Amino acid sequence: MNQDRFHSLPAGAVQLRGTMGKALRQTTENRLKKVDYRKLVDPFRFRNEKDNLWRCEFWGKIVRSAILAWHGTQDAELLQIIRETVDDMLSTQTPDGCISSYPAEMQTEGWDIWGRKYVILALLRYYNLIERDERVLKACCGVLDHLMRQIPPAGQSMPHYGWHEGLAACSILGAVCGVAAASGEQRYRDYARGIVDSGCSLKHNIFQAARRHVPPAEIGNGKAYEMLSCFQGLSEFYLMEPEEEYLNAVMELFRMVREQEIFITGGGGLKDVVGEYWYYGAMRQTRDDSGNHGETCVTATWLHYCDRILKLTGSATAADCMERAFYNAMLGSMKPDGSWYIHANPSPLSGACFKQAAPDQLPGFGEDCCLAQGPEGIAMASYTAVLGSPDGIVLNAYEPLVCSFRTPRGQTARLEVRGEYPWKGDVAVTLHLDKAEEFAIRFRIPCWWKGNSAFLLNGGKLEVVPGDYLLLKRNWSHTDKIELRFDLTPELVLSPDISRTGCVAGPVVLAQDSRLGEVNRPIPADGIVQDAETPGDEFHLVKRLSDGTLLCDYASAGNRFSLDNRLTVWMKKK
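Residues numbered from 1 in each chain as written. Predicted model: local features only at pLDDT ≥ 70, side-chain atom pairs only at ≥ 80, totals over all residues. Heavy atoms only, no water.

Trainee: Please explain the overall build of the protein as it appears in this structure.
Mentor: When helices and strands are counted, the protein shows 16 helices and 22 strands. For 574 residues, the compact-globule estimate of 2.2 N^0.38 gives 25 Å, and the protein sits close to it at 23 Å. When burial is assessed residue by residue, the protein has 64% of its 574 residues classed as buried. Taking all contacts inside the protein whose residues are at least 6 apart in sequence as the whole, residues at least 24 apart take part in 69%. When the accessible surface of the protein is totalled, it reaches about 20,700 Å², and 48% of it is carbon and sulfur. Averaging the locations of the 64 positively and 72 negatively charged side chains of the protein gives two centres separated by 2 Å. (Helix = DSSP H or I, 4+ residues; strand = E, 2+ residues; numbered from the N terminus. Rg over C-alpha atoms; globule rule 2.2 N^0.38 Å. Buried < 20%, exposed > 50% of the residue type's maximum accessible area, 1.4 Å probe, protein only. Contact = heavy atoms within 4.5 Å. Areas by Shrake-Rupley, 256 points an atom, 1.4 Å probe, with all protein chains shown as cover. Lys, Arg positive; Asp, Glu negative; His and termini not counted. Charge placed at Lys NZ, Arg CZ, Asp CG, Glu CD.)

And the structure:
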C-alpha cells in the first residue's frame, strides 16, 4: 500500500494561540456545544425523512466538525457530547446493518446515500482520531454491507442513484475507502474500485475528463463540493491502488480548480443563488450575473482537498491555498463570536455587498449545510498547522502556536511559534529538546514571499524558494533560533478580467467596509498603502490608501452581519 508523504499529528499535539486558534475555541463554545444532537439523530431514529430532503447530512457533518474541533482543543465537555451522540447514533442501527433517515421503501433515493456517507465519515473520524472502539468500526461495516446488498457490485452502477447525475451518491467513495483501510476487508476495496470504474457521473467519467483537462465547470454537472469529494475519494483509493492515472486525475483537478475557480478570498463556488457550482469562478468573481459567490461548504471541502494534496504529494502550493482560505473565506464566513456562519460570501465580490447569516435551510429544522461545515473549515487550521513526516515535522502555519512531537529517535520535543502573524510580519520559532538530535524540519515559504522577507537561522540569512518548503535537516538543539521576517507590505492586484483592483497583504485580502467610509468607491492606482490606527476591536487590520480610503481585512469586513454593514473586495480603479 502506498503512503502519504506527510501525516497529521495526534490529537492535542498542536495548539493554535493566534487568530485561528481563537476562532476555533469560540466556535467550539458558542456553536458546537450548543447543538441539539439528539434532534439530529431523530431522523435516523424514526426513519421518517419521506420528502427526499437532506436532514440526513447534518448529524455527520456536525459531528465530524466537533471531532476535528476536539482534536485541536482537547475540550473535555465537547468530547463527552461527541461520545454521547455517537452512542445515540449507534442505537439506531437495525440488525441488517442499516443506518438511514429514509424509510425502507425510499432508501437509495434522493439524498439517502449522501446522508449515509456522512454518518460513516463521522464514525470513521471518531474511530481514527478519538478511540479504536470496535463497535464503531463494526457499525461502519454494517452500514456499508447493507448498502452493498441494496446496490450490489454486479447491479446498476452508483451514478444511477441520487442527485446531480451521480456525483452526490458516488461521493461515498472516500467513506468506502476509509472502511476498507480501517477493516482491511478486500470486499470494500473491490466496492470502491467499482465506484471508481463507474466514472461517478451519468454524463461521462469525471476522472478521465480531468485527465483530458476538461474544465471543472464542465465536469459532470459542475456541482463543486460533490465533485471535490469524489476526487478526494480517488486520492484515498490511490493509496490502496497506486495507479498513475489516478494521481494524474487528482492533481489535474487541483490545478484546474486553483487556476480557474478559486476567488481572491481563497473560496469558490457560484452560478446558482447559493454559490454551489464551478462556473469559471476566477474570471467571474467580479460579475453580478453569475449567482451568489462562495458557498462555505465549497470552501470547507476545498480545504479538505488541499489537505489531501498536501499530504499525498508534499505540495507547498496546497498549503498556500489553505492559508489564503483560512484567513479570508473561512474566517470571513464566521460571526465574530463563532456562533453562526454565512452560506454564500458577499456577491459579487465587487459592488456593495453584505454578509448574511445562513438561514434555516429546511424550515423548522434549524440547520444549514454551511453552518454545519463552518466549524470544520475553522478546525482544519489546527489540524494542518504542523504535520509529521518520516524524517521530522512540517511547519505550515506561522500564527502563534505550540506543537509537541516525537523526534525520529522517540524523544519528546516541543516547537513554539511566537509573533502576531498574519497581521504583523516578525515571527520567531524555537525548539525545546532535552538532547540535541538530527532530524528534518520543513518550513513553508509562501508563494507571495517577496521584497524584504528573510529567513534567518541563528542570525544567518538562508536562501529560500517562494512557494516551496525550505528543508533543514540538521542537528537541532534548544539553543537554535529561527526568525522569519515576512514582508506584508500591501500591494494592489488586478482581477483576472482586469476590470477591478484588489489589495492583499501577504495572505490577507483587504476590503472596503462601510464603517470606515464609502464602499465601492474608486481607489488610486499609485499603490501607496500605509498603516492606520485600528478603531475599536472589530478589525484585525486597517490600512490607508494615498487618497485617505481605509481598507480592513476581509475577515473583519461586514462582520456585523447586517444589511447596513457593507463591503467591497474588488474595487473600482480611478
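Trainee: Would you mind showing me how to read the sheet that holds strand β15 (residues 481-485) here?
Mentor: Each strand in a sheet pairs with another by means of backbone hydrogen bonds, the pair being arranged parallel or else antiparallel. Ordered by their spatial adjacency, seven strands build an open sheet running β2-β8-β9-β10-β15-β12-β13, and the pairing between neighbours is antiparallel. Only two strands of the sheet have a single partner each, and these edge strands are β2 (14-16) and β13 (460-462). In this sheet, neighbouring strand axes are inclined to one another by 20° on average, regardless of whether the strands run parallel or antiparallel. With six bridges joining them, strand β8 (residues 401-406) and strand β9 (residues 412-419) adopt antiparallel strand pairing. Considered in β9, the bridge of leucine 401 is made with valine 417. Contacts from helix α16 (residues 369-385) reach β2 and β8, with the element oriented near 130° to β2. (Pairing = 2+ DSSP bridges. Axes fitted to C-alpha atoms, helices over the stretch in contact; angles between N-to-C directions.)

Trainee: Help me out: how do you make sense of helix α2 (residues 37-46) in this one?
Mentor: Residues lying three or four places apart along an α-helix face the same way, a consequence of the helix completing one turn every 3.6 residues. Among all positions of α2, only Tyr37, Leu40, Val41, Pro43 and Phe44 are buried. Taken down its axis, α2 places every buried residue within 140° of arc, on the same side. Across from the buried face of α2, at angles greater than 90 degrees, the exposed residues are Arg38 and Phe46. The inward-facing, buried residues of α2 contact α3 (58-73), α4 (76-90) and α5 (112-130). Between the side-chain oxygen at the start of α2 and the backbone nitrogen of arginine 38 there is a gap of 3.3 Å, and the oxygen is on aspartate 36. Immediately beyond the C-terminal end of α2, within one or two residues, lies arginine 47, with a positive phi of roughly 45°. (Arc of directions from axis to C-beta. Polar contact = N/O pair within 3.5 Å; in protein donor to acceptor, adjacent residues only side chain to side chain.)

Trainee: Where do I start with the packing of α2 against α4 in this structure?
Mentor: For any two helices packed against each other, the geometry is given by the interaxial angle and the distance between the axes. Running from amino to carboxyl end, α2 crosses α4 at an angle of 15°, the nearest separation of the two axes being 10 Å. What the angle tells us is that α2 and α4 run roughly parallel. In this structure, α2 crosses over α4, and the sense of that crossing is right-handed. Mapping the contact onto sequence places Tyr37, Arg38, Val41, Phe44 and Arg45 in α2 and Ile81, Thr85, Asp88 and Met89 in α4. When its residues are assigned to classes, the contact of α2 with α4 shows five nonpolar, one polar and three charged. (Parallel < 35°, antiparallel > 145°, perpendicular 65-115°, else oblique. Left-handed = near helix turned anticlockwise from the far one by under 90°. Nonpolar A, V, L, I, M, F, W, Y, C, P; charged D, E, K, R; others polar.)

Trainee: Explain the nonpolar core to me, please; I cannot follow it from the model alone.
Mentor: Within soluble globular proteins, side chains that are nonpolar tend to cluster in buried spots. Counting 172 residues, the largest nonpolar core has Trp59, Met158, Leu401, Leu415, Phe443, Phe455 and Trp476 as the members making the most contacts within it. Filtering out sequence-adjacent residues up to four positions away, tryptophan 476 remains in contact with Leu431, Leu433, Lys435, Ala436, Glu437, Phe439, Ile441, Phe443, Leu457 and Ile482. Membership of the second largest hydrophobic core comes to 18 residues, among which are Ile264, Leu550, Ala557 and Val569. (Core = buried A, V, L, I, M, F, W, Y, C linked by side-chain atoms within 4.5 Å.)

Trainee: Even after reading the chapter, I still don't get α5, so can you show me in this structure?
Mentor: Taking 1.5 Å as the rise per residue, α5 with 19 residues should run 27 Å; its terminal C-alpha atoms sit 27 Å apart, in good agreement. Most of α5 is tucked away, with 16 of its 19 residues classed as buried. (Expected span 1.5 Å × (residues − 1).)

Trainee: It is not clear to me how the sheet that holds strand β7 (residues 392-395) should be interpreted in this structure. Could you clarify?
Mentor: The mixed open sheet is built from five strands, whose spatial order is β1-β6-β7-β11-β14. With partners counted over all chains shown, the strands left at the sheet margins are β1 (7-8) and β14 (468-476), one partner each. Of the pairings in the sheet, the one linking β1 to strand β6 (residues 386-389) comprises two bridges and is antiparallel in character. Along β6, the bridge assignment pairs histidine 7 with glycine 388. Its contacts with the sheet place helix α15 (residues 316-330) against β11 (437-445) and β14, and it is angled at close to 55° to β11. Sheet strands in contact with α16 are β1, β6 and β7, and its direction is about 40° off that of β6.

Trainee: Any chance you could explain the state of the cysteines here in plain terms?
Mentor: Any covalent bond linking the sulfur atoms of two cysteines counts as a disulfide. Within this structure, the stated rule accounts for zero disulfides. In this structure cysteine 56 is not part of a disulfide, and its nearest cysteine sulfur, from cysteine 98, lies 12 Å away. (Disulfide = S-S within 2.5 Å.)

Trainee: I'm lost on unusual backbone geometry in this one. Help?
Mentor: Most peptide bonds are trans, and most residues other than glycine sit at a negative phi. Proline 422 follows tyrosine 421 through a cis peptide bond whose omega is 5°. Tracing the sequence through the fold places proline 422 in the loop between β9 and β10 (426-432). Although it is not a glycine, cysteine 200 sits at a positive phi angle of roughly 65°. Counting through the fold element by element, cysteine 200 comes out in the loop between α9 (186-198) and α10 (206-211). For cysteine 200, a relative accessible area of 0% translates into the label buried. In the Ramachandran plot, histidine 213 falls in the positive-phi region, its phi being about 70° despite a non-glycine side chain. Within the secondary structure, histidine 213 is located in the loop between α10 and α11 (224-240).

Trainee: What is the right way to read the pattern of salt bridges from this model?
Mentor: Pairs can form between side chains of opposite charge whenever their charged atoms are close. Counted according to the given criterion, the structure contains 43 salt bridges. For arginine 485, the salt bridge goes to glutamate 483, with nearest N and O atoms at 3.9 Å. When its relative accessible area of 39% is taken as the criterion, arginine 485 is described as partly exposed. (Salt bridge = Lys/Arg side-chain N within 4 Å of Asp/Glu carboxyl O.)

Trainee: I keep staring at the packing of aromatic side chains and nothing clicks. Help me out?
Mentor: Summed over all chains, the structure comprises 18 aromatic pairs. A ring pair is formed by tryptophan 114 and tyrosine 118, whose centres lie 5.2 Å apart and whose planes are at 80°; its orientation type is edge-to-face. In this pair, tryptophan 114 and tyrosine 118 both sit in helix α5, four residues apart, roughly one turn of the helix. For tyrosine 118, a relative accessible area of 2% gives the class buried. Look at tyrosine 421 and phenylalanine 486: their rings are 4.9 Å apart centre to centre, the planes differ by 50°, and that puts the pair in the tilted class. Here phenylalanine 486 lies in the loop between β15 and β16 (491-494) and tyrosine 421 lies in the loop between β9 and β10, a separation of 65 residues in the sequence. For the residue pair tyrosine 421 and phenylalanine 486, the accessibility class agrees, reading buried in each case. Here the aromatic residues Trp54, Trp111, Trp114, Tyr118 and Tyr225 are joined through ring pairs into a cluster of three or more. Sitting above the plane of the tryptophan 476 ring, arginine 474 keeps its charged end 4.8 Å from the centroid. (Phe/Tyr/Trp six-rings, centres within 6.5 Å; stacked < 30°, edge-to-face > 60°. Lys NZ or Arg CZ within 6 Å of the ring centre and 35° of its normal.)

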